[in-house]
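Residue-level structure breakdown
Spelled out from the first residue to the last, the chains are:
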Amino acid sequence: MKNQNVLVIGSGVAGMEASLILADAGLKVHLVEKDSLIGGQTIKFEEVYTNMECATCMLAPKQQEVLQHDNITLYLLSEVKKTEGSAGEFKVQIEKKARYVSLINCIGCAACFDPCPVSLDNEFEEGMSQKKAIAIACPGALPNVPAIDPENCVRLNGKKKDCNACEQACGFGAIDFTEKNETINLEVGAVIVATGFDQFDVSGLAQFGYGKHPNVYTAMEFERLYAQNGPTEGKLTLREERPIKSAGIIHCIGREEKGYCSGVCCMYSMKFAHFIKDKSPDAKIHEFHTDLCVPGKSHQKFYEELSKKIDFIRYEDIEVKGKNGSLEINFTSNNGKKNAVKSDMVILSPAMIPSTGTEKLAKILGISQDSMGFFSTKDQNLSPIDSEKEGIFVIGCAEGPKDIPDSVSQAEAAAGRVLSLLQ
Amino acid sequence: MNNNQKETKSNPKKGKTLPAEKSIKDAVLNIFKKALADNIVDAVLIPAKVPDTDAYSWILLQDESLFDIADPLPPVMNVQGGRALSSFSKNGELDLKIAALMRPCEVRAAVELLKLHQVDLDNVTLVSIDCPGAMPLRDYMNDPKKINDSFKKISEQWEISESLRPACQNCHRFSLMDGTGSDLHIGLLGENKKVTLISNSSTGRDVMDKLGFEPKDSLDKWKATKEKLVKEKSKKRESFLKEWQEKIKKTDGFFNELNKCINCHNCMNACPICYCQQCYFDSQTINFKPETYLQKSKEKGALRFPLNTLLFHVGRMSHMVLSCVACGACEDACPVSVPVGRLFSMVGDQTQKEFDYIPGLNREDALPLQDFKKDEFCEVETPNECEEKVTEEAK
Amino acid sequence: MNKKIGVYVCECGPNIPERIDIDKVIEELSSMDEVKTVKKHSLLCSNDGKKFLKEDIEKEELSHVVVAACSPKDHENTFMKVCEEAGVNPYLFQLVNIREQCAWMIPDKDEATSKAIKYIKAGIQRVMFHDALKKKELEINVDVLVIGGGISGIEASLSLAGPNRKVYLVEKTDALGGMAGKLSRILPHQGTEMGIVKEKIEQVKNNEHIKVYTSSEVKEVRGFLGNFEAVIKSTQENEEGTEEEIKTGAVVLATGFDLFDLKENPVYGYSENENVVSALEFEDMIHSEKIELKNGKKPKSVALIHCAGRKEKGYCSKVCCMYNLKFAHYLKDNLPDVEVKELYMDLCLPHKQDQSYFDKLKDKGVEFIRMDELVKTKKSGDKIEVEYRNNDKKDKFSVDMVVTSPAMVPSKGTSHLAELMNLPLDESGFFKELHEMLNPVATPMEGVYITGCALGPRNIPESITQSHATSGKILSSLIPGRKVKPEVKVSEIKEDLCTGCQTCLSVCFYGAISYDAFKGVSVVNEAICRGCGSCVGSCPSGAIRSKHFTYYQLYLEVLEALR
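What you see is a predicted model, and the numbers here were worked out from it, not measured in a lab.

1. Things to note about the interface of chain B and chain C
Taken together, the contact between chain B and chain C spans 15 residues of the former and 14 residues of the latter. Class assignment of the residues belonging to the side of chain B that touches chain C gives a composition of 5 nonpolar, 10 polar and no charged.

2. Remarks on the arrangement of the chains
With 2 pairs of chains in contact overall, the contact-richest pair is chains A and C. Spatially, chain A is disjoint from chain B: no contact exists, and the shortest C-alpha separation is 10 Å.

3. Quick notes on the domain arrangement of chain C
Once the domains are mapped, chain C shows domain 1 (5–133), domain 2 (144–256 + 411–477), domain 3 (262–406) and domain 4 (491–547). Here the C-alpha centroids of domain 3 of chain C and domain 4 of chain C sit 55 Å apart.

4. Topic: the nonpolar core
Ala18, Ile192, Leu348 and Ile395 of chain A together with Ala68 and Ile120 of chain C are the most contacted members of the largest nonpolar core, which has 292 residues in total. With residues up to four places along the chain from it excluded, the contact list for Ala18 of chain A reads Val8, Ile192, Ala194, Ile395, Ala411, Ala414 and Ala415 of chain A. Phe32, Met77, Ile98 and Cys334 of chain B belong to the second largest nonpolar core, which has 89 residues in total.

5. Some words on the packing of helix H3 (residues 47–60) of chain C against helix H4 (residues 72–85) of chain C
Residue and element names in this part refer to chain C. It is the contact of H3 with H4, at a shortest axis distance of 9 Å, that shows an interaxial angle of 40°. Between H3 and H4, the angle is such that the two are oblique. As H3 packs across H4, the resulting crossing turns out to be right-handed. Each of Lys50, Leu53, Lys54 and Ile57 in H3 lies in contact with H4, whose residues at this interface are Val82, Cys83 and Glu85. Considering only residue class, the contact of H3 with H4 consists of 4 nonpolar, no polar and 3 charged.

6. Details of helix H1 (residues 13–24) of chain A
Residue and element names in this part refer to chain A. An ideal rise of 1.5 Å per residue puts 16 Å on 12 residues; H1 measures up with 17 Å between its terminal C-alpha atoms. Within H1, 11 of the 12 residues are buried, which leaves it mostly tucked inside the rest of the structure. Listed as buried for H1 are Val13, Ala14, Gly15, Met16, Glu17, Ala18, Ser19, Leu20, Ile21, Leu22 and Ala23. Looking one or two places after H1, you find Gly26, whose phi comes out positive at around 105°.

7. Here we look at the domain arrangement of chain B
Residues and elements named next belong to chain B. With domains assigned, chain B is organised as domain 1 (14–236) and domain 2 (241–370). A C-alpha centroid distance of 28 Å is found between domain 1 and domain 2. Counting residues at the interface gives 28 residues for domain 1, matched by 22 residues for domain 2. When contributions to the side of domain 1 that touches domain 2 are tallied by element, the ones reaching two or more residues are helix H2 (81–89), helix H3 (104–115) and helix H6 (166–169). Top element by residues in the side of domain 1 that touches domain 2 is H3. It accounts for 10 residues. Partitioning the side of domain 1 that touches domain 2 into residue classes produces 15 nonpolar, 7 polar and 6 charged.

8. Quick word on the interface of chain A and chain C
Contacts between the two partners involve 50 residues from chain A and, on the opposite side, 54 residues from chain C. Listed by contribution, the elements that provide at least two residues to the side of chain A that touches chain C are H1, helix H2 (55–68), helix H7 (299–307) and helix H9 (404–422) of chain A. At 12 residues, H9 of chain A tops the list of elements feeding residues into the side of chain A that touches chain C. A class-by-class count of the residues in the side of chain A that touches chain C yields 26 nonpolar, 16 polar and 8 charged.

9. Considerations on helix H11 (residues 320–334) of chain C
Since one α-helical turn is 3.6 residues long, residues separated by three or four positions face the same way. All names here are of chain C. For H11, built from 15 residues, the straight-helix expectation of 21 Å at 1.5 Å per residue is met to within 8% by its first-to-last C-alpha distance of 21 Å. Within H11, the full set of buried residues consists of Cys320, Cys321, Met322, Tyr323, Asn324, Leu325, Lys326, Phe327, Ala328 and Leu331. Buried residues in H11 make contact with helix H9 (279–287), strand S14 (301–308), strand S15 (339–344), helix H12 (354–363) and strand S20 (401–406).

10. Remarks on the packing of H2 of chain B against H3 of chain B
Two measures define how a pair of helices packs: the angle their axes make with one another and the distance between the axes. Residue and element names in this part refer to chain B. Packing of H2 against H3 leaves a shortest axis separation of 7 Å and a crossing angle of 40°. Considered as vectors, H2 and H3 are oriented oblique to each other. The segment H2 lies against H3, with Gly81, Gly82, Leu85 and Ser86 engaging Glu106, Ala109, Ala110 and Leu113.

11. Digging into the sheet that holds strand S3 (residues 56–61) of chain B
Residues and elements named next belong to chain B. Taken in spatial order, the 8 strands line up as S3-S2-S4-S5-S6-S7-S1-S8 in an open sheet, and their pairing is mixed. Where the open sheet ends on each side, the last strands, each with one partner, are S3 and strand S8 (217–218). In this sheet, strand S4 (residues 98–102) lies alongside strand S2 (residues 43–49) in parallel orientation, the contact comprising 3 bridges. Counterpart to Ala43 in the pairing with S4 is Ile98.

12. Section: unusual backbone geometry
In the segment running from Tyr49 of chain A into Thr50 of chain A, the intervening peptide bond is cis, with an omega of 0°. Position of Thr50 of chain A relative to the elements: it lies in the loop between strand S3 (47–48) and strand S4 (53–54). The step from Leu142 of chain A to Pro143 of chain A runs through a cis peptide bond, and the omega angle for that step is -5°. Of note in this structure, Glu61 of chain C is not a glycine but carries a positive phi near 50°. With respect to the helices, strands and loops of the structure, Glu61 of chain C is situated in the loop between H3 and strand S3 (64–69). For Asn422 of chain C, which is not a glycine, the phi torsion comes out positive at approximately 60°.

Parameters at a glance
- Residues numbered from 1 in each chain as written.
- Chains lettered and ligands numbered in written order.
- Predicted model: local features only at pLDDT ≥ 70, side-chain atom pairs only at ≥ 80, totals over all residues.
- Contact = placed C-beta atoms within 7 Å.
- Nonpolar A, V, L, I, M, F, W, Y, C, P; charged D, E, K, R; others polar.
- Domains from an automatic or database assignment.
- Core = buried A, V, L, I, M, F, W, Y, C linked by C-beta atoms within 7 Å.
- Buried ≥ 20, exposed ≤ 12 C-beta atoms within 10 Å, placed from the backbone.
- Axes fitted to C-alpha atoms, helices over the stretch in contact; angles between N-to-C directions.
- Helix = DSSP H or I, 4+ residues; strand = E, 2+ residues; numbered from the N terminus.
- Parallel < 35°, antiparallel > 145°, perpendicular 65-115°, else oblique.
- Left-handed = near helix turned anticlockwise from the far one by under 90°.
- Expected span 1.5 Å × (residues − 1).
- Pairing = 2+ DSSP bridges.

So this is what it looks like as structure tokens:
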């Protein structure tokens, strides 16, 4: 493989690791990210299991390295539109959307947020808070430069063409409404797909009452709820700002529907319980699970320690009902008995599904998806990260549900495969 | 210079009783005479009275005739035995096989030095002996005859006399301890006109066998007398610790005891454990420009000179108090009678308890600061879980 | 040397001047003797700012540079580079944080200004005593030593070997293949037949860049990234004593696993019942295509018992549920009318394709029984009675044959190598990775990597991926022709002050300190030292100093800040 350029799609934990290993080796990495910040899903977490390390602190050095590495060219707000060619000589077309804020001149002082007249739901915060049309996703987002949402910005969408509130507030001339979308053509030797995952949509399962009862949360919502840089700055309260005295966490949401176990939910559900117990030692917590999936070395011990403080219930059937402002979880445990538990809050742990855009990207790259919608790989045993097309690798949750260490291993492996092709 | 012997704790059930018709001193020396004569050892490290003086010194005896001046239990501890041993056995391995006869605190110091790689014990047979204590060096130098007589009486009666060094008055580890410290022990308690040779390790047992001394004699009398005396002395020690803990409850209390210090560093030099080539407080690291001192003096109101007089003691404590064997060599050496030995002994007692560590007891016990247990100081690190653990263990 | 210190205060946009009176700061600092010039700039880290800084340093002929701006984490490297370009040693530089540590957290302007002045003065005091450290360059060897010839070791070797890189593969038994070689088949839905392991072994043997040592052990490994030396010893009888010394740049540990000894707990009935076999023994039976009881007859009923050793060891071995499904499929496909019961605690099916494999089995009529605990496995006439407890109720059934799945435990090779190389093990005895999340195949010893079941229970694709991950890390760092530039802010031991007590050695996490028995002193290997400073604190005589964090530097900085 003579071409020393590599395309990495997705800047989550896996994409960043692969990029850094390849960049350290001297290759030129083109890292394409569709969002305005890097870090993927992991930066939404407050802590990771089982050592309960701060996720953002853990990733910040990696993010900084990616942003500062001479051999990594980062394309934010970008997507791959076309590919052709084969291993060693892929021709790739990238569409880079305009950010309207200069990454070089902006120093992240946030002076432009307040003056902006437009507020909208913040998607990063799972809609639990608002942001302006010019905003960063959350405090601590990297790069620490806001982006303007052209659909909602009243100047860019034409509703108030003379609005320049942010431009006036900026002391560095970093805002440029004339910026245009860009098309970039690259020639690379290999492609690494690291597009991550999304959360199974629980609103389709009426028995859990999501959307109907305000205090039923999805896992991602709960992650943002207890994050220090989240909508409540880490304060654990219900939607009507009451403290939490009891919580029920339900595993395996969507397992039957999707037909696979996502491998990480048992552990992160336990992480939630651990956290709630830490903050409110008197809170009563129930965890409802089918099989207990604790495959890692330290996982079972974590479970055993936690089971001394909370109740684990094996269930066969389960549903959530609202009663007089609080929630009731009705279930059949695995000995056939029916029972119910009242709870202030219910957290649903949904399956991991392929990220949106997987289908589109699969077609663009000319690789297929498996029956579950994740990217297909050639041989599960011998080359678990090789797609069916030579030179295209699939890593992390884009390949299938997995935890952080496995995603990092796959990222390093893909880098290894690329480098070994060069030897 | 590693301790290659992996000794297991021995619980000696029998010993070898030897007659001491003429004197205890002779009976003890005869053991070593025989060991030397039979080539079981090549040399003996033992205290001796320097001829024509009242002074005592350690000698490495290879000539039999020198046994005439040797003394197994001199009335004073001139130089700590551990220090004597490390002075020549630090750099490299010992070719000669030697037997070293030392007081129990000196043996313990030697064991600590082993862990600090400052002695080589591979070819050394450490022999401890029941110790009645020793007399303060200064008292002895002032009136050797009087102190000698006093000591004779004390050692015959095994009194806890106030004329003994303070360290010795408060010592409850004056006999063989249940551990892998010494190889052989000479028991003086319990039997009249007899000494008992006890092996405490396979090396010790080896030497006993070579000497032709099979351990068949009962240790009951010795054990009984020892236990009674240990109880008495432990009581004395507890009251000493309580008294001094009260004395220094306030930080002022601590420094008040050290006020007389003249910064001569004698205590450090006499201490067998202090092993640094150059003490931190003698190094250039802490020497600053005069203006720095003037500024500090201005801020504090006044500065005591020479600097770090009191900090030296705190610093030395933090470096070695976990290995402090409470031998009192420091207090003997202090020219202005600072009770430094008692202070260190008391702080040592408390800090060693925190780590469940007894210095010099077992050769295989790792030094607490070099050893890392998974669950340590849970009261500090994970206080919530620690409470549960403590109550669980209590159940 | 005449010290000419330049101080540059960055405004960082509106951030700093809003909260700090910069002119006052400049006024205070200009009156200091050692300071040659004090200037301010609106944004030093910008291209303009960097240009200004470089030119000014050269113009003023500065010897030391202090920048008062943001956090060192942001731009210490940036400004160090500028110093270097301007001809000043990059270590004669100090970045004082007046943004995060002053402007961003003190609302009162006077307070913030005086704190900023204090901090900068402290930084000036410190920088005067910096040493002009120089980065060294070391030649490296790019070859790799792989210890363990199972599938992980084989895969690592194949992905690393090349015309510029030799691989030494050491295996202690007389054949390559490891545990994977003993299996009858890999899970069918995961692709291929067992022939592939044999194929891989052939590939290794035919690869001219891989030197294979079977019936051999590694006796000694010393060194550091790029410069390892190892001694390989043959354990064959007629070749006892033959040793070979090799030089490599990295080491990969692939020492695999052993199985929990079922005899340890009588509840499994392993030694008393001849028809209770372990999973590995069952693999053998499948291999030889003879599923038979000890009396030669074919079993009419088989129980597959999961989780043997799970409670004893305290972890789930992850792979057993799946291979038990494989056994069930095999039994149903090859033995007519056989009754198959699977007795399990939890079904561990963490990979995307696992559940469908399980679903297919239900159609074949395999009975799945959940248990909380296995109570007894005992002989009952010709059969074996299996008693278990579920939800506080006891139950039992009888079968002809029982296949028990033992937990995966660390291999003896793992503990032996951990001791040899001073590598940490986790509570269960597997190798401990450098960082649970972000560095799953590295160890605290730079240049030493781990892969496969030596790290913990995992299946073949995961082991293969990890082997590729180790080669990714090695291929990225050990590049032929490239030199290694070890960290310069390391510790150093003053020989004449060291008494050889080895306290520093006992606290060094990275194994960077060794004892020189001849001189009687401890020595720091600067190539391995990461500059953490633990040894500096542990030395009672102060014989160890940190090159960029000396007592003098820190003391003066703090003294100034507390004035």
